[in-house]
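Reading the structure
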Amino acid sequence: MRDLDPVCDLAEDIGSPRWWRGVVSLIGLMLAAWLLFPGTSPLSAAVPVAIDRSADDHFRSAALRPLSYGTAPQRLADAGTLVMPLAAAPERPRLDLVATLGSQDSFPRMLQRAGVAADDAAHAAALVANAIPLGQLAPGTHIAITLGERADASTPRPLEALSLRARFDLDLAIERHGGALTVGKRAIAVDATPLRIRGIVGSSLYRSARAAGAPPAAIQDYLRALDEHSALDGIDPSDEFDFVLSYRRSAGGEAQPGDLLYAGLDRGSKARTQLVRWGKDGQLVDALADVTAPAEQQEEVVGLGSPVAGHVTSGFGLRRHPILGYVRMHAGIDFAAGYGSPIYAVSDGQVSYAGWHGGHGNYVRLDHGGGLATGYGHMSRIAVSPGTRVGRGQVIGYVGSTGLSTGPHLHYELLRNGHPINPGTARFMMRTPQVNSAQLSAELNAVRAKLAQLLAIEPGAALVPLGGRRSGTR
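Residues numbered from 1 in each chain as written. Predicted model: local features only at pLDDT ≥ 70, side-chain atom pairs only at ≥ 80, totals over all residues. Heavy atoms only, no water.

1. As for the overall build of the protein
To keep it simple, the criterion reads: The numbering of helices and of strands both runs from the N terminus, where a helix is a DSSP run of H or I of at least 4 residues and a strand a run of E of at least 2. When a residue's accessible area, from a 1.4 Å probe over protein chains only, is under 20% of the maximum for its type it is buried; when over 50% it is exposed; and in between it is partly exposed. Accessible areas in this description were obtained via Shrake-Rupley with a 1.4 Å probe; residue shielding takes into account the shown protein chains only.
The number of helices and strands found in the protein is 7 helices and 25 strands. Classification of the 474 residues of the protein by burial places 34% in the buried group. A total of about 28,000 Å² of accessible surface is found on the protein, and carbon and sulfur atoms cover 57% of it.

What follows is the structure, encoded as structure tokens:
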């Protein structure tokens with residue numbers, strides 16, 4: 001059969017009868033292809049049909065065009081003879097919307113911006129004011145508004161209903177009945193059981209506390225309290241953190257964390273730190289302090305805490321300025337932190353300067369007494385004004401990059417009698433707030449009784465929804 005094959009590989013058996021048969025087959029195929037070639041003469045096309053304007057609009061409505069030309073992905077039906085054009089589209093019989101009360105805003109003006117008539121806005125504000133002072137409405141409060149149908153387009157819509165969360169424990173609802181607006185109050189059940197968070201420090205106290213359900217602000221207060229009374233670098237991963245904060249939760253599931261009531265740290269089975277909020281000033285009192293000890297034994301040498309959550313990028317001393325390019329004295333410490341991070345006062349003091357300060361940009365200086373002052377530079381925004389008193393840990397501004405700065409960071413400096421000193425090595429004698437030995441024993445017993453009451457709270461109990469089952473999670 002191989003000898004009768006008309007198609008073969010012409011690279012094999014050259015000159016053989018089989019090879020010549022393959023050559024003849026190739027020539028035959030080439031001749032057949034040449035005879036069947038259709039030619040190169042032009043083809044005649046059909047004459048295009050002329051279309052009118054309406055047909056052109058119809059085709060355009062069904063075409064897919066780029067977005068820049070207003071594409072219509074679906075076919076649009078043309079108006080037929082039975083379609084009657086309207087002079088104006090009818091309005092909705094009611095309009096539901098939500099308005100937000102802004103900072104430094106007034107309640108009636110907010111309602112008028114939302115479309116409420118001036119008379120209705122004034123009447124609604126008066127009804128709300130009878131239930132709660134308008135100044136107590138927190139900025140950011142959402143107000144659900146329902147506007148009714150109006151008689152004509154030249155008049156505003158009448159207010160049909162209005163509802164808002166006036167307070168954490170109070171809902172207000174205004175409705176129109178018989179042409180008059182009336183207000184209804186609905187009290188919300190609130191549980192004020194303090195929240196206790198307890199757990200193992202582990203590799204990160206902050207992450208462990210967050211995993212246990214603690215709010216970020218409460219963790220910052222707890223760390224700041226420990227920093228004031230003991231060294232944070234002395235905490236071991238096996239230690240147990242324990243703190244209690246005031247906590248309110250409503251029947252609707254909302255939570256409102258409050259102040260830190262107790263801050264504790266345990267090592268093994270022994271309490272290492274126990275701080276209880278006590279007194280008219282609301283200071284954290286060291287419940288483990290020896291109240292019979294003399295005053296000089298109640299003082300310790302401490303350093304000022306960090307003014308921002310960040311790491312040091314440039315220390316105190318001579319350095320080459322990153323912008324000016326020459327070596328000069330760096331009279332402070334630079335902390336790298338995210339833009340907008342809060343900056344805290346490292347100690348109690350009075351604002352002696354707040355404003356633009358040359359290369360420092362937005363700058364705040366605090367006078368702490370005894371010739372000591374601290375400065376904070378390159379802020380994006382200043383949160384205090386000159387002459388005001390601030391407490392330790394109070395937010396005085398936010399991290400920025402104003403003045404001579406290559407990026408967002410905080411320039412922090414410490415001055416003694418107007419001369420800069422190294423904040424990282426400065427140490428001061430500081431008295432730990434505690435029960436004074438001159439106080440009555442009854443007050444000391446009350447402090448210990450309050451401590452026992454706080455330690456009796458079940459950890460994590462306040463995180464269970466109202467009416468739910470409490471669990472003793474750690």
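Read on, since the account is not over.
2. Overview of the packing of aromatic side chains
For the record, the criterion: Any pair of Phe, Tyr and Trp rings, taking the six-membered ring for Trp, is counted once the centres come within 6.5 Å. Such a pair is stacked with planes under 30 degrees apart, edge-to-face with planes over 60 apart, and tilted for the rest.
Per the stated rule, a full pass over the model turns up 6 aromatic pairs. Summarising the aromatic geometry, the rings of Phe-335 and Tyr-412 are spaced 6.3 Å apart at their centres and angled 55° between planes, so their arrangement reads as tilted. With Phe-335 in strand 16 (residues 333-336) and Tyr-412 in strand 23 (residues 409-416), this residue pair connects regions lying 77 residues apart in the sequence. Classification of Phe-335 by relative accessible area gives buried; the value is 9%. With a centroid separation of 6.2 Å and 50° between ring planes, the pair formed by Tyr-353 and Tyr-363 is classed as tilted. Taken as a pair, Tyr-353 in strand 18 (residues 349-356) and Tyr-363 in strand 19 (residues 362-369) lie far apart in primary sequence, 10 residues in all.

3. Quick notes on the nonpolar core
For clarity, the threshold we go by: Residue types Ala, Val, Leu, Ile, Met, Phe, Trp, Tyr and Cys, when buried and joined through side-chain atoms within 4.5 Å, form a set referred to as a nonpolar core. Note on contacts: a residue pair qualifies if any of its non-hydrogen atoms lie within 4.5 Å across the two residues.
Within the largest apolar cluster, 25 residues are counted, with the highest numbers of intra-cluster contacts made by Phe-107, Leu-111, Ile-145, Leu-162 and Leu-164. For this core, the secondary-structure elements that each account for two or more residues are helix 3 (107-113), helix 4 (118-131), strand 2 (142-147), strand 3 (159-167) and strand 4 (170-177). A total of 6 residues in this core trace back to one element, the largest contributor, which is helix 4. Not counting chain neighbours up to four residues away, the residues in contact with Leu-111 comprise Val-116, Ala-121, Ala-124, Ile-145 and Leu-162. Formed by 21 residues, the second largest nonpolar core is a distinct cluster that contains Leu-205, Ala-214, Ile-219 and Leu-275.

4. Focus: the side chain of His-378
Relative to the helices and strands, His-378 resides in strand 20 (residues 372-382). Beyond its immediate chain neighbours, meaning those up to four positions away, His-378 contacts Gly-359, His-360, Asn-362, Val-399, Gly-400, Ser-401, Thr-402, Leu-404, Ser-405, His-409 and His-411.

5. Digging into unusual backbone geometry
Positive phi values are uncommon outside glycine, yet His-378 reaches one of about 65°. Even without glycine at this site, Asn-417 takes up a positive phi of about 55°. Mapped onto the fold, Asn-417 is located in the loop between strand 23 and strand 24 (419-421).

In short, the description is geometric, and any link to function would need to be established separately.
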